[in-house]
Number of protein chains: 2
Amino acid sequence: MRTLSGTKAISADLSKIVGSVNVEVRPAALVPYRTDATFGFAGLPTAVVRPGSAQEVSRILAWANQRSIPVVPRGAGSSLAAGAVPVQGGIVLALTRMNRILSIDPVDLIAVVEPGVTTQALAAAVREHGLHYPPDPGSKRVSTLGGNVATNAGGLHGLKYGNTGGYVLGLQAVLADGQIIRAGGRLLKDVAGYDLVHLLTGSEGTLAVLTELTLALRPAPAASGTGLAYFPDLESASKAVGGVIAAGILPATLEFLDARCIRAVEAHARLGLDTAAGALLLFGDDGSPDEVARTLRTMAGLMPDHGATSVQVATAAAESEALLAARRCALPALARSGGATILEDVGVPRSRLPDLVHRINTIAEAHEVTIATFGHAGDGNTHPTGCFDPADLAGRERVDAAFAEVFQAAIDLGGTITGEHGVGAAKLPYLSAQLGAAQTALQARIKKTFDPAGILNPGKVTR
Amino acid sequence: MRTLSGTKAISADLSKIVGSVNVEVRPAALVPYRTDATFGFAGLPTAVVRPGSAQEVSRILAWANQRSIPVVPRGAGSSLAAGAVPVQGGIVLALTRMNRILSIDPVDLIAVVEPGVTTQALAAAVREHGLHYPPDPGSKRVSTLGGNVATNAGGLHGLKYGNTGGYVLGLQAVLADGQIIRAGGRLLKDVAGYDLVHLLTGSEGTLAVLTELTLALRPAPAASGTGLAYFPDLESASKAVGGVIAAGILPATLEFLDARCIRAVEAHARLGLDTAAGALLLFGDDGSPDEVARTLRTMAGLMPDHGATSVQVATAAAESEALLAARRCALPALARSGGATILEDVGVPRSRLPDLVHRINTIAEAHEVTIATFGHAGDGNTHPTGCFDPADLAGRERVDAAFAEVFQAAIDLGGTITGEHGVGAAKLPYLSAQLGAAQTALQARIKKTFDPAGILNPGKVTR
């Protein structure tokens, strides 16, 4: 913070823009903003400021840009890639006050929201109109739509419904110098100029600050159902996924847990899972009741052809939720199974999933660390989760070393170091191995074009 | 072409890269490359060069970049926005030799293709694997996938299936200086770095040249069907579209023709259409036979509630195609109804479609020009088509003046000056009215970042 003339001056300047009640500089009040949901990353912000409008965001950025003060946009702080950690200090721009659902239009199938609305709040609001907002990140109870869009968040239904980015039709954003732009709009087709909507989606607050989102909705499916199958190993579960797709089905849910996850979930939640199984596959669909019954029957029917040792199906909502609970509590179960967790986010083409999990297990053994893996079998995005004693520094270093090899394994298999969590500060050291030198340099030039002074969430995505 | 040392030198240089058989400088041979499918735009290229690989494209761009020679990438030349016209001269980079389908993977649901493959060739090839490539631009018989991606082409199934951009998972591209990059890949989820896949998609060859595309496929639907309804006016047809969506259906097809189009199509093709109707709505769906039957029954049933005077439904393929013929031959019918046509491409939010068509008709009357309108009722993208005598210069100017007002009307209604054809050279004068000054300047800076010498398709998308 090169031109910093003291915390008091900053507080006074920001208070003029948003009112003193929305500026915080007391060290104790800043503690929650030093970290996000990522293990091992912390920063030290000078202030937290809570704007109430795009105009206030604009004035804050213009002010910070003139002074080269870092600005770290923050929603719920649920990033798993240290995307919301103020690693270079500066001010945290907390967007949680901007939490209004501005409109829901059942003819245009559009919602317009401020960035601080939680994913779950929008899903619930549109459901009252008989509509559906499909993106379903694991953190949806707390995560904000601004954060979802800033990271192009995925979730459990990516195979059938795609990711957050597929639902962003338009946005209002504030550029680093305070200029306000609108890109896209209430349109399913719009090719007027470069696609800034999707360039800003997933840019993690490093190119602009999102202040309003125009999101696509769908009619709500009338019914849904879930099935669960046990397999002797992940290879056979993965072949069953291929069988589902060969049967012409793109189901709403296709999730897997490896043996270690199954045991952790069962120890944590006592769901009655078969802890002797090598892998568990959850499959599910939504749509008309007939269609759901038909696809569930087809999927359940083909599981044994691929080696499933046991298959259950539930179409009643409560039973269906009970089956999904095995997947939803994978992370909390692993977190409680002892010590700390680092949840990673590597993806490969669907057909390479067994290869990836095999490589993960080999790497974990070689480094003598515990990595349990679960994730999205339908779209190839996995969450290998390192479990370790946070007091054991050497153990932590072994986990880091193992994950560095896991990232390279994903790249070698034609995959990615991050499928849905983002690069943040946590993945930045590994990014150029995936992108290559030419693209890494190009990405840095794009950053410079949008943010010449480098104030927007510095230390994330690009150097 | 500031450093041009003569056609012979250019021919010799390019021949060293691609072989003399793939370089053309004879004036007669250049004629087809002076124009594309857009009325009233022509340029004068120095040479046409036909590379066979990304490496050859790389060497051509490095050569042109050093000499500041414009390079205009071209597929089938079916642009309706003068996107492929060499308006500033230079060399045309014809990508039609790069027309191999490199792989089709039925487990990963991926096709990898070179840019010169036609849309129809890919659709036919994947159908043999029981798969489906949904994007369906009107020009699909001739248009190339490189052109489709470069313009983020739409088509008849955007409401249910989205546009071309939704199917682009990865690409190889050559930057202006000849560097080759890969962005994205065989992955449904990948958030590693800024989304260059979607920034290059729709960038119309002004940021990079696409040399390989990784495209998403879907299982082929087992059945499809089509219905046709007549309405007294477009307002009631548009309300019926709202009724379909309120019934929880996102159908594969929802197309409209206005009264003028109906009469032109009937005069051209003698399909037995009701030429007294005020509007015609085509609706259709695909999926399992049960599902198609159910949605067609529901849609046909609600049309009369919104004023339909007559409804037909066809589930047999031949009958279904016969109904769709009314839509597919709208443009040829208008083209033959007398003189020249300028096909425009304005879009508005679905609910504003009647307002837009009303405005178009009012503007056409005021300027004493004939504009017939058809298009995609489901996604709000319309094709108002000016029909005029090309020998009547004053008439042509009246059409241009009318369309300038139509573009502004679309913007005023929250819409776009181009839904699916692109900006090209044709829409560039109108673009900043939609984007605003701040975004227009930002788009120009992005162009400069990718292409400092301004060699890539100059005069398109941005200044």
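Going by what an unreviewed UniProt entry lists, chain A is known as Glycolate oxidase subunit GlcD and is assigned to Planotetraspora silvatica. Under Sequence similarities (unreviewed entry), UniProt gives the following word-for-word description of chain A: "Belongs to the FAD-binding oxidoreductase/transferase type 4 family."

Considerations on the sheet that holds strand S3 (residues 71–74) of chain B
Residues and elements named next belong to chain B. The four strands lie next to each other as S1-S2-S4-S3, forming an open sheet whose pairing is mixed. A strand with exactly one partner marks an edge of an open sheet, and here the two such strands are strand S1 (23–24) and S3. Where S1 lies against strand S2 (residues 47–49), two bridges are found, and the strand directions are antiparallel. Looking across to S2, one finds that Val-23 is bridged to Val-49.

Topic: the packing of aromatic side chains
All names here are of chain A. With the rule as written, the count across this model stands at eight aromatic pairs over all chains. When the ring of Phe-39 is compared with that of Phe-388, the centres are 5.1 Å apart and the planes differ by 90°; the resulting orientation is edge-to-face. Taken together, the positions of Phe-39 in the loop between helix H2 (27–30) and strand S2 (47–49) and Phe-388 in strand S18 (residues 381–388) put the pair 349 residues apart, joining distant regions of the chain. Overall, Phe-388 belongs to the buried group, its relative accessible area being 7%. Seen in terms of ring centroids, Phe-403 and Phe-407 are 6.3 Å apart; in terms of plane orientation they differ by 20°. Their pairing is stacked. In this pair, Phe-403 and Phe-407 both sit in helix H14 (residues 393–412), four residues apart, roughly one turn of the helix. Taken together, the ring pairs connect Phe-403, Phe-407 and Tyr-430 into an aromatic cluster.

Brief notes about the relation of the copies chain A and chain B
Expressed as a screw operation, the relation of chain A to chain B combines 0.0 Å of axial shift with a rotation of 180°, fitting to an RMSD of 0.0 Å. Read as a symmetry element, the transformation amounts to a two-fold axis. The residues that chain A uses at the interface reappear at the interface of chain B in 100% of cases, marking a shared surface.

Topic: the pattern of salt bridges
Evaluated as defined, the whole model comprises 40 salt bridges over all chains. Salt-bridge contacts for A:Arg327 lead to A:Glu255; the nearest nitrogen and oxygen are separated by 2.6 Å. Of this pair, A:Arg327 sits in helix H11 (residues 317–328) while A:Glu255 is found in strand S13 (residues 253–258), placing the two residues 72 residues apart along the sequence. Overall, the relative accessible area of 7% leaves A:Arg327 in the buried class. When its relative accessible area of 1% is taken as the criterion, A:Glu255 is described as buried. Across the salt bridge formed by B:Arg328 and B:Asp136, the nearest N and O atoms sit 3.7 Å from each other. Taken together, the residues span a long stretch of sequence, with B:Arg328 in helix H11 (residues 317–328) and B:Asp136 in the loop between strand S7 (131–132) and helix H5 (145–151) at a distance of 192 residues. In this structure B:Arg328 comes out as partly exposed when scored by relative accessible area, which is 28%. Linked through salt bridges whose partners overlap, the residues forming this network are A:Asp13, A:Lys16 and A:Arg67.

A short note on the interface of chain A and chain B
Interface size is often expressed as the accessible area that is lost when the parts come together. Of the residues lining the interface, 77 residues belong to chain A; the matching set on chain B comes to 77 residues. The junction of chain A with chain B conceals about 5900 Å² of combined surface from both sides, 62% of it contributed by carbon and sulfur atoms. Summed over the shared surface of chain A and chain B, the number is four salt bridges. Between B:Asp379 and A:Lys189 there is a salt bridge, and its shortest N-O distance comes to 2.9 Å.

Describing the nonpolar core
With 188 residues, the main nonpolar core has A:Met303, A:Ile446, A:Phe450, B:Met303, B:Ile446 and B:Phe450 as its most contacted residues. Setting aside chain neighbours within four positions, we find A:Ile446 in contact with A:Leu199, A:Leu207, B:Tyr194, B:Leu196, B:Leu199, B:Thr449 and B:Phe450.

A look at the packing of helix H13 (residues 353–366) of chain B against helix H14 (residues 393–412) of chain B
Residues and elements named next belong to chain B. At a minimum axis distance of 10 Å, the contact between H13 and H14 shows a crossing angle of 155°. With respect to each other, H13 and H14 are oriented roughly antiparallel. Relative to H14, the crossing made by H13 is right-handed. Taken together, the residues of H14 that come into contact with H13 (itself represented by Leu-356, Arg-359, Ile-360 and Ile-363) are Ala-402, Glu-405, Val-406, Ala-409, Ala-410 and Asp-412. Along the lines of polarity and charge, the residues of the contact of H13 with H14 split into seven nonpolar, no polar and three charged.

Quick word on the side chain of B:Thr462
With respect to the helices and strands, the residue B:Thr462 is situated in the segment after helix H15 (428–450). According to the relative accessible area criterion, B:Thr462 is buried, its value standing at 7%.

Side note on the domain arrangement of chain A
Residues and elements named next belong to chain A. Domains assigned within chain A are domain 1 (101–219), domain 2 (223–331) and domain 3 (338–412). Here the C-alpha centre of domain 2 lies 29 Å away from the C-alpha centre of domain 1. In this assembly, eight residues from domain 1 lie in contact with ten residues from domain 2. With both chains or domains summed, domain 1 and domain 2 bury close to 860 Å², and 51% of this area falls on carbon and sulfur atoms. Per-residue buried area on domain 1 facing domain 2 is highest for Leu-156, Leu-159 and Lys-160; these three make up 70% of the total on that side. Counting the contacts that link domain 1 with domain 2 gives four residue pairs in polar contact (both at pLDDT 80 or more). Tallied by class, residues from the side of domain 1 that touches domain 2 come to three nonpolar, two polar and three charged.

Calculation notes
- The numbers attached to residues start from 1 for each chain and follow its sequence in the written order.
- Chains carry letters and ligands carry numbers; both start at the beginning, A for chains and 1 for ligands, and go up in the order they are written.
- Residue-level local features of this predicted model are given only where pLDDT is at least 70; pairs of side-chain atoms are given and counted only at 80 or more, and the full residue set underlies all totals for whole chains, interfaces and linings.
- Excluding hydrogens and water, the side-chain figures rest on all heavy atoms present in the structure.
- UniProt positions are given in the numbering used here, feature names are shortened, and annotations may be inferred rather than shown by experiment.
- A pair of strands is labelled paired if DSSP reports no fewer than 2 bridges between them.
- Helix and strand definitions follow DSSP, with helices as H or I runs of at least four residues and strands as E runs of at least two, each counted in order from the N terminus.
- Aromatic rings from Phe, Tyr and Trp, taking only the six-membered ring of Trp, are treated as a pair when their centres fall within 6.5 Å; an angle between ring planes under 30 degrees marks them as stacked, one over 60 as edge-to-face, and anything in between as tilted.
- Remark: exposure states derive from per-residue accessible area (1.4 Å probe, protein chains only) relative to the maximum for the residue type, with buried under 20%, exposed over 50%, and partly exposed in between.
- Superposing the copies works by least squares over the C-alpha atoms of residues that have pLDDT at least 70 in both of them.
- We call two residues in contact whenever any of their non-hydrogen atoms come within 4.5 Å of each other.
- The term salt bridge refers to a side-chain nitrogen of Lys or Arg lying within 4 Å of a carboxyl oxygen of Asp or Glu.
- Summed over both partners, buried area is the accessible surface (1.4 Å probe) that two parts give up on being assembled.
- For the purposes of this section, nonpolar cores are sets of buried Ala, Val, Leu, Ile, Met, Phe, Trp, Tyr and Cys residues that join through side-chain atoms within 4.5 Å.
- A fitted line through C-alpha atoms represents every axis, and for helices the fit uses only the stretch in contact; the resulting angles, taken between N-to-C directions, go from 0 to 180 degrees.
- Small angles under 35 degrees read as roughly parallel and large ones over 145 as roughly antiparallel, with 65 to 115 read as roughly perpendicular and the rest as oblique.
- Throughout, a crossing is termed right-handed when the near helix is turned clockwise from the far one, and left-handed when it is turned anticlockwise from it by less than a right angle.
- Just so you know the grouping, Ala, Val, Leu, Ile, Met, Phe, Trp, Tyr, Cys and Pro go in nonpolar, Asp, Glu, Lys and Arg go in charged, and all remaining residues, Gly too, go in polar.
- Note that domain bounds follow an automatic or database assignment of domains.
- Nitrogen and oxygen atoms within 3.5 Å of one another constitute a polar contact, given that in protein one can donate a hydrogen and the other can accept it, and given that sequence-neighbouring residues count only through two side-chain atoms.

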